[in-house]
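Fold and geometry: a report
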Amino acid sequence: MPDDWLIRRTKSHATHFGRAIPAFIHHGDYHLTSIDAYADGAVNCWDFLDLPSFKSKVASGWVVGMTSLQGIQARLLNEPPAV
């Protein structure tokens with residue numbers, strides 16, 4: 001069983017496909033949620049962010065529990081993660 005699932009965002013002028021990936025948000029306590037990562041670089045993790053802002057959230061520890069940011073990008077692009 002995969003640990004992520006396909007999603008699509010249709011609220012803008014075009015449809016954007018991506019993946020939902022389970023992760024934890026550290027906001028006081030830890031909250032299990034999904035990180036919605038789209039092919040256009042947008043990421044929804046309780047805030048709708050661009051990729052550089054999302055990287056800052058990961059670096060600050062606000063988004064935790066993921067194997068790596070490269071793993072998310074690889075899943076989004078269906079490529080193997082960089083080693």
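Located above this text is the structure these notes cover.
These remarks concern the structure in this document. All residue numbers here refer to positions counted from 1 along the written sequence of the relevant chain. In keeping with the model being predicted, local features are shown solely for residues with a pLDDT of at least 70 and side-chain atom pairs are shown and tallied solely at 80 or more, while totals for entire chains, interfaces and linings include all residues. Only hydrogens and water are set aside when side-chain values are computed; all heavy atoms of the structure are taken into account.

It is worth spelling out the overall build of the chain at this point. Starting at the N terminus, helices and strands are each numbered in turn, a helix being any DSSP run of H or I of at least four residues and a strand any DSSP run of E of at least two. What the chain contains, in helices and strands, is 2 helices and 6 strands. Whether a residue is buried, partly exposed or exposed follows from its accessible area with a 1.4 Å probe, protein chains only, as a fraction of its type maximum: under 20%, in between, or over 50%, in that order. Across the 83 residues that make up the chain, the buried fraction comes to 33%. When contacts within the chain are restricted to residue pairs at least 6 apart in sequence, long-range pairs at least 24 apart make up 30% of them. For the accessible areas, the method is Shrake-Rupley and the probe is 1.4 Å, while residue cover comes only from the protein chains on display. Put simply, the chain shows about 5500 Å² of open surface, and 57% of that area lies on carbon and sulfur atoms. Contacts were defined at the residue level, with two residues in contact if any of their heavy atoms lie within 4.5 Å.

Checked against the element boundaries, D36 lands in strand β3 (residues 29-38). Accessibility expressed as a relative area gives 16% for D36, which makes it buried. Residues adjacent in sequence count toward polar contacts only when both atoms are side-chain atoms; beyond that, a polar contact is any pair of N or O atoms within 3.5 Å, and within protein one must be able to donate a hydrogen and the other to accept it. A distance of 3.2 Å separates a polar atom in the side chain of D36 from a polar atom in the side chain of S34.

On to unusual backbone geometry, then. The phi dihedral of W46 falls on the positive side, at around 75 degrees, and the residue is not glycine. Its location among the elements puts W46 in the loop between β4 (43-44) and β5 (48-49). Since its relative accessible area comes to 43%, W46 is described here as partly exposed.

Salt bridges are defined as contacts in which a side-chain nitrogen from Lys or Arg sits within 4 Å of a carboxyl oxygen from Asp or Glu. Taken as a whole and assessed by the stated rule, the structure comprises 1 salt bridge. Among the salt bridges present, the one from D47 reaches K57, with a minimum N-O distance of 3.5 Å. Here the residue D47 occupies a position in the loop between β4 and β5, and K57 occupies one in helix α1 (residues 51-60), the gap between them amounting to 10 residues. Classification of K57 as partly exposed rests on a relative accessible area of 23%.

On to the nonpolar core. Core analysis: the largest hydrophobic core is formed by 9 residues, namely A23, I25, I35, V43, C45, L49, F54, W62 and V63. Here W62 is in contact with F24, I25, H26, H27, C45, W46, D47 and K57, once residues within four sequence places are set aside. Side-chain atoms within 4.5 Å link the members of a nonpolar core, which is a set of buried Ala, Val, Leu, Ile, Met, Phe, Trp, Tyr and Cys residues.

Time to look at the pairing of β3. Both faces of the sheet carry side chains from a regular strand, because those side chains alternate between them. Pairing between two strands requires that DSSP report at least two bridges joining them. Relative to β3, strand β2 (residues 16-27) is paired through 10 bridges, and the arrangement is antiparallel. If you follow R19 over to β3, its bridge partner there is A37. Counted between consecutive antiparallel strands, the loop separating β2 from β3 contains 1 residue, among which G28 sits at a positive phi close to 80 degrees. The antiparallel pairing of β3 with β4 creates a hairpin that spans 4 residues between the two strands, and G41 there sits at a positive phi of about 95 degrees.

Together, F24, Y30 and L32 give the surface a local cluster of nonpolar side chains, amounting to about 350 Å² of exposed area. Among the secondary structure elements, F24 is positioned in strand β2. Think of a patch as exposed residues, more than 30% relative accessible area, with no salt bridge, where like charges cluster within 9 Å and nonpolar side chains (Val, Leu, Ile, Met, Phe, Trp, Tyr) cluster within 5 Å.

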